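Here are the chains, one letter per residue:
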Amino acid sequence: MKTESADIRNIYISRERRKKLILLAGIAVMIMAGFYFVTVGYADTDIKQAFGAVSAWLNGSLGTGDREENSIYKIILFMRMPRIIMAVIAGTGLSVSGSAMQAVTRNPLVSPFTVGISSAAAFGASMFIVFGTGSEGGTIFWAFVSSMVCVLFMYAVSMRNAMKAETIVLTGIALNYFFSALSSSVEFFADEYKLSSIVQWSFGTFNGSGWSDTVLSGAITLAGTVIIASQSRKMDIMSYGDDEFSVGLGINPAVTRALICVISVMMTAAVISFTGVIGFVGLAAPHISRMIIGNGHKYLIPFSAIMGSTLLMAADAIGRTMLSPVSIPVGIVVSFLGVPILINLILKERRSEP
């Protein structure tokens, strides 16, 4: 009996060590990818110049050296780095939200996009572009407000049914179609110039991302990720059993589900209000991460953030270089990039099953 218990313990320790190594390797790959993608773009730069730009910014010598070198430093610091940071923020927010919502609803098809948040943000942005001044700040504000209205409505309907998982999913799908119809109606009244702006925003892009955008979006995403990560044990239990099973283990599924969904939606709204609609990563990154590191949310949540961030950084770099100097929106590229990766992993997992 003792030998068998020791064997089980050794297997558990071995698996935990493996997951930690995968997580550390993922962090290393993400950081290296970030430094590499900073150098990718229309203007030729290298890793040495990227480090030089950061060093000049930190020691206050930016703008005092060679004019050509300063020009390159400014491109790196104020155009490319904010894009990379925003890609990390967006990848983290959308992927963590997707992982958490799939756990508490026990539905692998749930993501921030499928529950109507992206459609609601698109409607708010469309309304302001067509009937407002069309300023960037106003577009961001009304996209966020529209997302929050969607959240409140979904929460109110779900509360009437005790926050059951199927109620949240069905309400979200209904709201997705509803806000999509509203956006189409607004586009019907838009002139050619405004319609082009709406379409461009709905594709999802990091063009124009600045440091001020990353501060607000990053603060909300970081806080939300920490809160969701603290609920890992509860998400493990809720994802494996029904609500009665969770109650038997001392968990209030309605309260946990409400907390996770509200935090996830706020993170999603904070991201897509600045970037536009990026729909695929919140669904694909959690599934890819689950196949690599397993179902335990203690590791799945941070690894989903790493996977989503790396996927968006790669998609943005490809979009900037494929038809340079034309930049393809990241929302389009990430779907082309993520779909074959996800399908390939699914097929590999199926072939490995007995």
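Residues numbered from 1 in each chain as written. Predicted model: local features only at pLDDT ≥ 70, side-chain atom pairs only at ≥ 80, totals over all residues. Heavy atoms only, no water.

Trainee: Looking at this model, I keep getting lost on the overall build of the protein. Mind explaining?
Mentor: Looking only at helices and strands, the protein has 14 helices and 0 strands in total. Reading the helices (α) and strands (β) of the protein from amino to carboxyl end gives α-α-α-α-α-α-α-α-α-α-α-α-α-α. Its C-alpha atoms give the protein a radius of gyration of 22 Å, within 12% of the compact-globule value 20 Å for 354 residues. With the C-alpha coordinates aligned to their principal axes, the bounding extent of the protein is approximately 75 × 55 × 40 Å. Looking at the protein as a whole, 49% of its 354 residues are labelled buried. (Helix = DSSP H or I, 4+ residues; strand = E, 2+ residues; numbered from the N terminus. Rg over C-alpha atoms; globule rule 2.2 N^0.38 Å. Buried < 20%, exposed > 50% of the residue type's maximum accessible area, 1.4 Å probe, protein only.)

Trainee: Looking at this structure, how should I read a nonpolar patch on the surface?
Mentor: Nonpolar side chains collect at one region of the surface, where Leu 21, Leu 24, Ile 27, Ile 31, Phe 35, Tyr 36, Ile 47 and Phe 51 lie side by side and expose about 750 Å² of accessible area between them. Looking at the nonpolar patch, the elements with two or more residues in it are α1 (2-38) and α2 (47-59). Broken down by element, the residue count for the nonpolar patch peaks at 6 residues, all from α1. Along the chain, Leu 21 falls in helix α1. A residue is classified by how much of its surface remains accessible, and Leu 21, at 54% relative accessible area, is exposed. (Patch = residues over 30% accessible without salt bridge, like charges linked within 9 Å, V, L, I, M, F, W, Y side chains within 5 Å. Areas by Shrake-Rupley, 256 points an atom, 1.4 Å probe, with all protein chains shown as cover. Salt bridge = Lys/Arg side-chain N within 4 Å of Asp/Glu carboxyl O.)

Trainee: Help me understand the nonpolar core, please; the structure alone is not making it clear to me.
Mentor: Side chains of a nonpolar character, in soluble globular proteins, are inclined to be buried together. Ile 228 and Leu 312 are the most contacted members of the largest nonpolar core, which totals 88 residues. Counting residues per element, this core draws most heavily on helix α3 (residues 67-105), at 16 residues. When residues no more than four places from it in sequence are discounted, the contact partners of Leu 312 are Ala 87, Ala 90, Gly 91, Phe 206, Ile 278, Val 281, Val 330 and Val 334. (Core = buried A, V, L, I, M, F, W, Y, C linked by side-chain atoms within 4.5 Å. Contact = heavy atoms within 4.5 Å.)

Trainee: Would you take a moment to explain the environment of Pro 340 for this structure?
Mentor: Following the sequence through the fold, Pro 340 ends up in helix α14 (residues 330-352). Here Pro 340 falls in the partly exposed class, since its relative accessible area comes to 45%. Separated by 327 residues in sequence, Pro 340 and Ile 13 have C-alpha atoms that sit 33 Å apart.

Trainee: Please clarify how the packing of helix α12 (residues 281-293) against helix α13 (residues 297-321) should be interpreted in this entry.
Mentor: Two packed helices can be described by the angle between their axes and the distance between those axes. Where α12 contacts α13, the two axes come as close as 8 Å, and the packing angle between them is 125°. Considered as vectors, α12 and α13 are oriented oblique to each other. The way α12 lies across α13 gives a crossing that is right-handed. Across the interface between the two elements, Val 281, Ala 285, Pro 286, Ile 288, Ser 289, Arg 290, Ile 292 and Ile 293 from α12 touch Tyr 299, Leu 300, Phe 303, Ser 304, Met 307, Gly 308, Leu 311 and Leu 312 from α13. Residue classes in the contact of α12 with α13 are distributed as 12 nonpolar, 3 polar and 1 charged. (Axes fitted to C-alpha atoms, helices over the stretch in contact; angles between N-to-C directions. Parallel < 35°, antiparallel > 145°, perpendicular 65-115°, else oblique. Left-handed = near helix turned anticlockwise from the far one by under 90°. Nonpolar A, V, L, I, M, F, W, Y, C, P; charged D, E, K, R; others polar.)

Trainee: I keep staring at the pattern of salt bridges and nothing clicks. Help me out?
Mentor: A side chain with one charge can pair with a side chain of the opposite charge if their charged atoms come near. Evaluation of the coordinates by the stated rule reveals 3 salt bridges. Its salt-bridge partner being Glu 16, residue Lys 298 comes within 3.8 Å of it at the nearest N-O pair. Of this pair, Lys 298 sits in helix α13 while Glu 16 sits in helix α1, and the two are 282 residues apart along the sequence.

Trainee: Is there a simple way to explain the packing of aromatic side chains in this structure?
Mentor: Remark: the centre distance and the inter-plane angle together describe each pair of aromatic rings, the angle taken between the planes. In total, this model carries 8 aromatic pairs according to the counting rule given. Residues Trp 57 and Phe 78 carry aromatic rings whose centres are separated by 6.0 Å and whose planes lie at 70° to one another, so their mutual orientation is edge-to-face. Here Phe 78 lies in helix α3 and Trp 57 lies in helix α2, a separation of 21 residues in the sequence. Accessibility expressed as a relative area gives 39% for Trp 57, which makes it partly exposed. For the ring pair Trp 57 and Trp 211, a centre distance of 5.4 Å and an interplane angle of 40° mean the geometry is tilted. In this pair, Trp 57 sits in helix α2 while Trp 211 sits in helix α8 (residues 211-229), placing the two residues 154 residues apart along the sequence. (Phe/Tyr/Trp six-rings, centres within 6.5 Å; stacked < 30°, edge-to-face > 60°.)

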